[in-house]
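# Coordinate analysis (summary)
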Amino acid sequence: AFMLEASEIGVLEQRVRETLGIDNCIVVPGNSDTQDWVKQEMGKRCAQLLEGMLHPNYTVAVTGGTTMAALAAAMPPIHTAENVMFVPARGGIGEQVENEANTICAAMAKRARSQYRLLYVPDPIGEESYQTIIEEPSVKEVLSIINRSNVVIHGIGDAMTMAKRRRTPAPLVAKIKSGVAVSEAFGYYFDAEGNVVHRVRTVGLQLEDLDKAEHVIAIAGGASKARAIASYFKLGQNNILVTDEAAANQLIKGY
Ligand code: BG6
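Scope of this entry: the structure provided in the associated data block.

Calculation rules
Residues numbered from 1 in each chain as written. Predicted model: local features only at pLDDT ≥ 70, side-chain atom pairs only at ≥ 80, totals over all residues. Heavy atoms only, no water. Buried < 20%, exposed > 50% of the residue type's maximum accessible area, 1.4 Å probe, protein only. Helix = DSSP H or I, 4+ residues; strand = E, 2+ residues; numbered from the N terminus. Pairing = 2+ DSSP bridges. Right-handed = clockwise from strand over helix to strand, strands pointing away. Near = heavy atom within 4 Å. Polar contact = N/O pair within 3.5 Å; in protein donor to acceptor, adjacent residues only side chain to side chain. Areas by Shrake-Rupley, 256 points an atom, 1.4 Å probe, with all protein chains shown as cover. Salt bridge = Lys/Arg side-chain N within 4 Å of Asp/Glu carboxyl O. Contact = heavy atoms within 4.5 Å. Axes fitted to C-alpha atoms, helices over the stretch in contact; angles between N-to-C directions. Expected span 1.5 Å × (residues − 1). Core = buried A, V, L, I, M, F, W, Y, C linked by side-chain atoms within 4.5 Å.

### Comments concerning the pairing of strand β2 (residues 59–62)
Burial along β2 is two-sided: T59 and A61 facing one way and V60 and V62 facing the other are all buried. Sheet topology note: the β2/strand β3 (residues 85–88) ladder contains four bridges and is parallel. Bridge pairing links V62 to P88 in β3. With respect to chirality, the unit in which β2 leads through helix α3 (residues 66–74) into the neighbouring parallel β3 is right-handed. Examined bridge by bridge, β2 and strand β5 (residues 151–155) share three bridges and lie parallel to one another. By the bridge assignment, V60 is partnered in β5 with V151.

Structure follows, in structure tokens:
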């Protein structure tokens, strides 16, 4: 009673689409909370999906995270489009190097045999240094590329899990808690209704920029993330979710 039939997966995908009101959903069997290969499978499916939507000169903005790392590892060489460029979606948001958008971006581009640019803006910094850095020509240039992203791919996290992982300072944790944040994506924390509770201030893609992209893909699975996924999709900015069976089952139960 372990593997689902393709038709059962199809039904799950359809029900998730209806629940979240989105065009496209891919569900892989299993639960990535407890089974590592499930994340890898999500990565593979997401990589195929991405490959199919690329056109010449497309720019793809990516976030960090372990799920995005699985996508990077599964990325095939891109034969379908020339001059594809990968960029990190935003500057540092407190992640450790292995989880950083820059790291994922470089790894993904390398496997795709594509170009990439990185953002060297450190984690939340003082106002004055921040203003100076974003005026740097090299930073400005990358920011303008990010702004023209055709595709955005990002993970979704549980708010408190992400706040802890990033060693968020106590006053900000208090803010995130008192705002009852349940989800996190690219440094923004959202409550159950999809309102922004807190955002890590950094350069790059801002929430308002998402509607300029042709495709906004979220990749997140595991039963523990169902509530976060439901909260994040209240924003209505994404048209695609790549997830797993465990998250899908919880989602349609009505988180
Ligand atoms: C972060 C992304 O790096 O990873 C977030 O910026 C995402 O968008 C988070 O919520 C998820 O991480 P993981 O490891 O659960 O995939």
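The structure having been displayed, the exposition proceeds.
### A closer look at the site of the ligand
Neighbouring the ligand are 18 residues, the closest being T66, T67, E184, F186 and K225. G64 places a main-chain nitrogen or oxygen 3.2 Å from an oxygen atom of the ligand. Within the backbone of G65, an N or O atom sits 3.2 Å from an oxygen atom of the ligand. Burial of the ligand by the protein amounts to 96% of the accessible area it has alone, namely 400 Å². Counting residues per element, the ones that place at least two in the shell around the ligand are α3, α7 (159–165) and β7 (181–185).

### Thoughts on unusual backbone geometry
Glycine aside, the phi torsion of most residues is negative, and most peptide linkages are trans. If you check the backbone angles, R113 has positive phi at about 60 degrees while not being a glycine. A positive phi is found at F186, a non-glycine position, where the angle reads about 35 degrees. Within the element layout of this structure, F186 appears in the loop between β7 and β8 (188–191).

### Brief notes about the pattern of salt bridges
Considering all chains together, one arrives at eight salt bridges under this definition. We note a salt bridge from K44 to E41, for which the minimum N-O separation is 3.5 Å. In this pair, K44 and E41 both sit in helix α2 (residues 36–53), three residues apart, roughly one turn of the helix. With its nearest N and O atoms 3.6 Å apart, the salt bridge here joins D209 to K212. Overall, D209 belongs to the buried group, its relative accessible area being 16%. One salt-bridge network, held together by shared partners, links E95, R165, R166 and E184.

### So, the sheet that holds strand β4 (residues 115–116)
Spatial ordering of the open sheet is given by β1-β11-β10-β5-β2-β3-β4, a layout of seven strands whose pairing is parallel. Each of the sheet's edge strands pairs with one partner strand only, and the pair in question is β1 (24–28) and β4. Note: β3 against β4, two bridges, orientation parallel. In the strand pairing of β4, M85 is matched with Q115. Here helix α1 (residues 6–20) sits on the sheet and contacts β1 and β11 (240–244); the angle it forms with β1, its principal contact strand, is near 135 degrees. Packed on one face of the sheet, helix α10 (residues 245–252) meets β1 and β11 and runs near 110 degrees to β11.

### Describing α2
The end-to-end C-alpha distance of α2, which contains 18 residues, comes to 27 Å, matching closely the 26 Å that a straight helix rising 1.5 Å per residue would cover. All of the buried residues in α2 are V38, M42, G43, C46, A47, L49, L50, E51 and M53.

### Section: the pairing of strand β10 (residues 215–219)
Where burial is concerned, most of β10 is hidden: four out of the five residues are buried. For β5 and β10, the ladder comprises five bridges, and the chain directions are parallel. If you follow V152 over to β10, its bridge partner there is V216. As judged from the three bridges shared by β10 and β11, these two strands associate in the parallel manner. Its bridge partner lying in β11, I219 is registered against V242. Crossover connection from β10 via helix α9 (residues 226–233) to parallel β11: handedness right-handed.

### Looking at the nonpolar core
Core analysis: the biggest nonpolar cluster contains 44 residues, and I229, F233 and L241 have the highest contact counts within it. In terms of nonpolar packing, the next biggest core, distinct from the first, is built from 33 residues, C46, V84, F86 and A112 among them.

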